[in-house]
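Listed below, chain by chain, are the residues.
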Amino acid sequence: MSEANAQKHSFQAEVAQLLHLVTHSLYSNPEIFLRELISNASDACDKLRFEGINHPEYYENDPDLHVRVTLDADKKQIIISDNGIGLTEAEAIEHLGTIAKSGTKDFMSKLSGDQKSDAQLIGQFGVGFYSGFIVADKITVESRRAGVEASQGVRWVSNGTGEFETETIEKTDRGTDIILHLREDATEYLDRFKVKQIINKYSDHISLPIEMQKQVWQQEEAAEGEEAKPGQYVTTDEWEAINSASALWTRNKNEVSEEQYQEFYKNLTHDFANPLAWAHNRVEGSTEYTQLLYIPSKAPSNIFTREAKAGIKLYVKRVFIMDDADNLIPNYLRFVQGIVDSADLPLNVSRELLQESRDVKTIREGNARRILTMLDGLAKSEDEKDQENFKTFYREFASVLKEGLGEDLANRERILKLLRFATSSNDEVSTSLSDYKARMKDGQKAIYYVTAESLNAAKNSPQLELFKKKDIEVLLMTERVDEWAMEFVHEFDGTPLQNVAKGAVDLGDLQDAEEKQALEQAAEAFKPVVEQLSTSLKDKTKEVRVTTRLVDSPACLVTPEGQLSPQLIRMLKDAGQPVPDSKPILEINPSHPLVQKLQGSAQFDNLANVIFDQAVIAEGGLPEDPAEYVKRINSLLLA
Ligand code: ADP
Ligand code: MG
């Protein structure tokens, strides 16, 4: 660079690393550079539209926003220009020299070595600008921010290694030109037809015109008797839009192809897999808006962290307003991606205002209903592909969806219909509550379920023994959220739900009079043992009682009605949360030899504590004092 004001800068270490990667390993899918640079140009125009609401002077009498792609075969350059918001020198240094987003390290760690998917990751992690170096050995950026003087333009130059240079330049037109100096092996991108095709493939949905210079066919007329002269395409100074330039969601459903919906999704989310399903609707009524909502095929890894963001972009009358508009979708549907374009919200709407707006509430409820209806459609569909998609959805997102049982009272029944469980007679997570009801035994009055930390723990839970013996199906719930979520569910379609590890077992008509009588007799006979146990274990249990629910196990723990279960208590403890004082009930099996051995035993205290600790172990916990437990066992073994 010759000018005196040129300044050298070093890239942030991560950028340098990234650049190395871009130039050395991502050349298998090079065409994505166009998508990324056009997407940046379009973002820059969106930003101008947004800032222009309060600063109309930023338009500088040049109100028609566009992106222009110029091919210069002689100089071997592709230039992508926009008349969007532009960059100041300081912004160029910051935005094109560092990676602000914290996800970059994550990005580095996710690289698989598979070039195709790695190339897709570049976009996903917001490092799209650098993809230019896949095809260019030098990039020049010339830019001027809207509203500043022409003398305050900036030129940014780099060859994609450790450094870049900036200098102040004069630039009359607002906005940014990205000039790619193509590598020798990338000159195919000078082919107009090819470039046009790529733009159509990736960027057709962009809502502003992407223009290229018009070409006309020129052929000199041959004189009489002369041979026809060869013709050629000549580039003119006239610009023509090569995309449809209408925001995809403003089009009619029947004018948009499946591929276009998918491509729009991929651009929106930088996901490289197709979405499972989508819903596109213009909603009319007191609040008017358009929704285009997608269900991804994979949950992001941070879906359960605080970083998880709602994936809805808000537009107002086609002007982009904000990303991650979390008020537009309930938290338990945070995996949904898409856009909402409102006709009613003011353009200068803020996040605070969104929180209070009634229109926003209406939109949020409309979105939730639409998504749940769509999922119900998938679940019910006879189509094999739909069923497969529902399964994928369920595997990826069911545990998020279940949060809705606690959050969204109005849609609880809708959510319950979507749930699928393994059961004591079927390991596959495929039984719906309606399926279960249809299989209920004559006289069965409740839907029974058990929660545990794994399928095996659930299946072998002592609480299930009686149910197994009587061949009553029990739903096995093994996700962390289940226990909490089911607290909010008391019935489904008129049938109560009952956690078999909570409260007393009452099988109603399924238990005959004889059994009830046997229980009463046992309770009477074991009264002294129960009393002695209560004393021995008074620090550990709330109550000791005789039960019929056990067949093979000596004892089990039962959570008193209205109290947290041992699993939930463990979860709270793991999370460092305060745990309310809550002791379980110990139920003993009067027909078990170990329990019978308690009567008059010289080792009563050891036996009592071991029986209790084993009940803790059986439902996935650990004895409070393992060393003491071992001591007691040994003492019993040696007796
Ligand atoms: P992202 O687009 O995800 O922010 P990029 O690497 O694609 O990441 O771009 C980095 C930043 O560079 C953008 O956020 C923006 O601030 C700036 N930038 C890139 N291209 C342009 C442009 N054409 N006009 C204005 N700013 C731009
Ligand atoms: Mg970008």
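As the structure is a prediction and not an experimental result, all values here were calculated from the model. (Residues numbered from 1 in each chain as written. Chains lettered and ligands numbered in written order. Predicted model: local features only at pLDDT ≥ 70, side-chain atom pairs only at ≥ 80, totals over all residues. Heavy atoms only, no water.)

1. Some thoughts on the overall build of the chain
(1) Moving on: For the chain, the count of helices and strands is 22 helices and 23 strands.
(2) Moving on: Computed over the C-alpha atoms, the radius of gyration of the chain is 34 Å, more than 25% above the 26 Å expected from 2.2 N^0.38 for a compact globule of 639 residues.
(3) Moving on: Split into buried and exposed, the 639 residues of the chain put 51% on the buried side.
(4) Moving on: Looking at the chain alone, contacts between residues at least 24 apart form 71% of all its contacts between residues at least 6 apart.
(5) Moving on: For the chain, the accessible surface area stands at approximately 31,400 Å², while carbon and sulfur atoms represent 47% of it. (Helix = DSSP H or I, 4+ residues; strand = E, 2+ residues; numbered from the N terminus. Rg over C-alpha atoms; globule rule 2.2 N^0.38 Å. Buried < 20%, exposed > 50% of the residue type's maximum accessible area, 1.4 Å probe, protein only. Contact = heavy atoms within 4.5 Å. Areas by Shrake-Rupley, 256 points an atom, 1.4 Å probe, with all protein chains shown as cover.)

2. With respect to the packing of helix α9 (residues 358-380) against helix α10 (residues 384-401)
(1) Moving on: In the contact formed by α9 and α10, the axes pass within 9 Å of each other and the chain directions differ by 135°. Taken together, the axes of α9 and α10 are oblique relative to one another. Handedness of the crossing formed by α9 with α10: left-handed. Counted together, L372, L375, L378 and A379 of α9 and D386, Q387, N389, F390, F393 and L401 of α10 form the full contact between these two elements.
(2) Moving on: When its residues are assigned to classes, the contact of α9 with α10 shows seven nonpolar, two polar and one charged. (Axes fitted to C-alpha atoms, helices over the stretch in contact; angles between N-to-C directions. Parallel < 35°, antiparallel > 145°, perpendicular 65-115°, else oblique. Left-handed = near helix turned anticlockwise from the far one by under 90°. Nonpolar A, V, L, I, M, F, W, Y, C, P; charged D, E, K, R; others polar.)

3. Quick word on empty space enclosed by the protein
(1) Moving on: Tallying each qualifying case throughout the model produces two cavities of 30 Å³ or more.
(2) Moving on: In terms of lining residues, the largest cavity is bounded by 18 residues, among which T451, Q463, A501, Q567 and E619 are the most central.
(3) Moving on: Mapped by element, the contributors of at least two residues to the lining of the largest cavity are β17 (447-451), β22 (555-558) and α19 (566-574).
(4) Moving on: Residues of the lining of the largest cavity, tallied by class, amount to eight nonpolar, seven polar and three charged.
(5) Moving on: Here the lining of the largest cavity spans two domains, since at least three of its residues come from each of domain 3 (420-509) and domain 4 (512-638). (1 Å grid on protein atoms, 1.4 Å probe; cavity = no way out; pocket = protein on both sides within 12 Å on 5 of 7 lines; lining within 4 Å. Points joined across faces, edges and corners; volume = space filled by probe spheres on them. Domains from an automatic or database assignment.)

4. Thoughts on the sheet that holds strand β21 (residues 543-546)
(1) Moving on: Across the sheet, which stays open at both edges, the three strands sit in the order β21-β23-β22 with mixed pairing between neighbours. A strand with exactly one partner marks an edge of an open sheet, and here the two such strands are β21 and β22. Strand-to-strand twist across the sheet, computed as the mean angle between neighbouring axes with direction ignored, equals 25°.
(2) Moving on: As paired elements, β22 and strand β23 (residues 585-588) share four bridges and run antiparallel to each other. Bridge pairing in β23 places V558 opposite I585.
(3) Moving on: In the packing of helix α21 (residues 604-618) onto the sheet, the strands contacted are β22 and β23, and the crossing angle to β22 comes to about 65°. (Pairing = 2+ DSSP bridges.)

5. Some thoughts on the pattern of salt bridges
(1) Moving on: Applying the stated criterion across every chain yields a total of 34 salt bridges.
(2) Moving on: A salt bridge links E51 to R145, with the nearest nitrogen and oxygen atoms 3.2 Å apart. With E51 in helix α2 (residues 32-52) and R145 in the loop between β4 (136-144) and β5 (153-158), this residue pair connects regions lying 94 residues apart in the sequence.
(3) Moving on: For R145, a relative accessible area of 15% translates into the label buried.
(4) Moving on: Residue K540 is joined to D613 by a salt bridge in which the shortest nitrogen-to-oxygen separation is 3.9 Å. On the criterion of sequence distance, the pair formed by K540 in the loop between α18 (527-536) and β21 and D613 in helix α21 is long-range, its members being 73 residues apart.
(5) Moving on: Take D613: its relative accessible area is 4%, and that puts it in the buried class.
(6) Moving on: Linked by salt bridges that have partners in common, E543, R545, R549 and E587 make up one network. (Salt bridge = Lys/Arg side-chain N within 4 Å of Asp/Glu carboxyl O.)

6. Concerning unusual backbone geometry
(1) Moving on: Phi is positive for K76, which is not a glycine, with a value near 55°.
(2) Moving on: Note that K76 resides in the loop between β2 (67-72) and β3 (77-82).
(3) Moving on: Owing to a relative accessible area of 31%, K76 belongs among the partly exposed residues under this scheme.
(4) Moving on: Unlike most non-glycine residues, D493 shows phi in positive territory, near 50°.
(5) Moving on: Among the structural elements, D493 can be located in the loop between β19 (491-492) and β20 (495-499).

7. Regarding the layout of surface pockets
(1) Moving on: If you add up the space inside the second largest pocket, you get close to 800 Å³.
(2) Moving on: Lining the second largest pocket we find 34 residues, and of these K540, K573, P584, F612 and E624 sit closest to its centre.
(3) Moving on: Looking at the lining of the second largest pocket, the elements with two or more residues in it are α18, α19, α21 and α22 (626-638).
(4) Moving on: When residues of the lining of the second largest pocket are assigned to their parent elements, the largest contribution, five residues, is made by α21.

8. Brief notes about the domain arrangement of the chain
(1) Moving on: On domain assignment, one finds that the chain holds domain 1 (7-216 + 229-241), domain 2 (248-389), domain 3 (420-509) and domain 4 (512-638).
(2) Moving on: Relative to domain 2, the C-alpha centre of domain 1 lies at a distance of 28 Å.
(3) Moving on: Contact with domain 1, which involves 16 residues of that partner, is made by 15 residues of domain 2.
(4) Moving on: Counting across the interface, domain 1 meets domain 2 through zero salt bridges.
(5) Moving on: Linking domain 1 with domain 2 are zero residue pairs in polar contact (both at pLDDT 80 or more), by the criterion used here. (Polar contact = N/O pair within 3.5 Å; in protein donor to acceptor, adjacent residues only side chain to side chain.)

9. With respect to α2
Since the α-helix packs 3.6 residues into each turn, any two residues three or four apart lie on the same face.
(1) Moving on: With 21 residues, α2 extends 30 Å from end C-alpha to end C-alpha; this agrees with the ideal 30 Å at 1.5 Å per step.
(2) Moving on: Within α2, 16 of the 21 residues are buried, leaving the element largely enclosed by the surrounding structure. (Expected span 1.5 Å × (residues − 1).)

10. Some thoughts on the pairing of β23
(1) Moving on: What you see with β23 is no split at all: I585 and E587 on one side and L586 and I588 on the other are buried throughout.
(2) Moving on: Bridge count for β21 against β23 is four bridges, and the pairing is parallel. Residue V546 lies in a different strand from β23, and its bridge partner there is I588.

11. Topic: the packing of α21 against α22
(1) Moving on: Between α21 and α22, the shortest axis-to-axis distance is 9 Å and the interhelical angle comes to 125°. What the angle tells us is that α21 and α22 run oblique. At the point where α21 passes α22, the crossing takes the left-handed sense. Each of D605, N606, L607, N609, V610, D613, Q614 and I617 in α21 lies in contact with α22, whose residues at this interface are Y629, R632, I633, S635 and L636.

12. Description of the nonpolar core
(1) Moving on: Counting residues in each nonpolar core, the largest one holds 76 residues, and the members touching the most others are L314, L333, F393, L401 and Y448.
(2) Moving on: Here this core gets eight residues from one element, more than from any other, and that element is α9.
(3) Moving on: Each of two domains, domain 2 (248-389) and domain 3 (420-509), supplies a minimum of three residues to this core.
(4) Moving on: Setting aside residues up to four positions removed in sequence, L401 forms contacts with Y332, L333, L372, F393, I415, L418 and L419.
(5) Moving on: I32, I99, A136 and I242 belong to the second-largest nonpolar core, a separate cluster that totals 53 residues. (Core = buried A, V, L, I, M, F, W, Y, C linked by side-chain atoms within 4.5 Å.)

13. Things to note about the environment of E184
(1) Moving on: Mapping E184 onto the fold places it in the loop between β7 (175-182) and α6 (192-203).
(2) Moving on: Taking relative accessible area as the criterion, E184 reaches 61% and is therefore assigned exposed.
(3) Moving on: With 48 residues separating them in the primary sequence, E184 and A136 have C-alpha atoms 8.8 Å apart.

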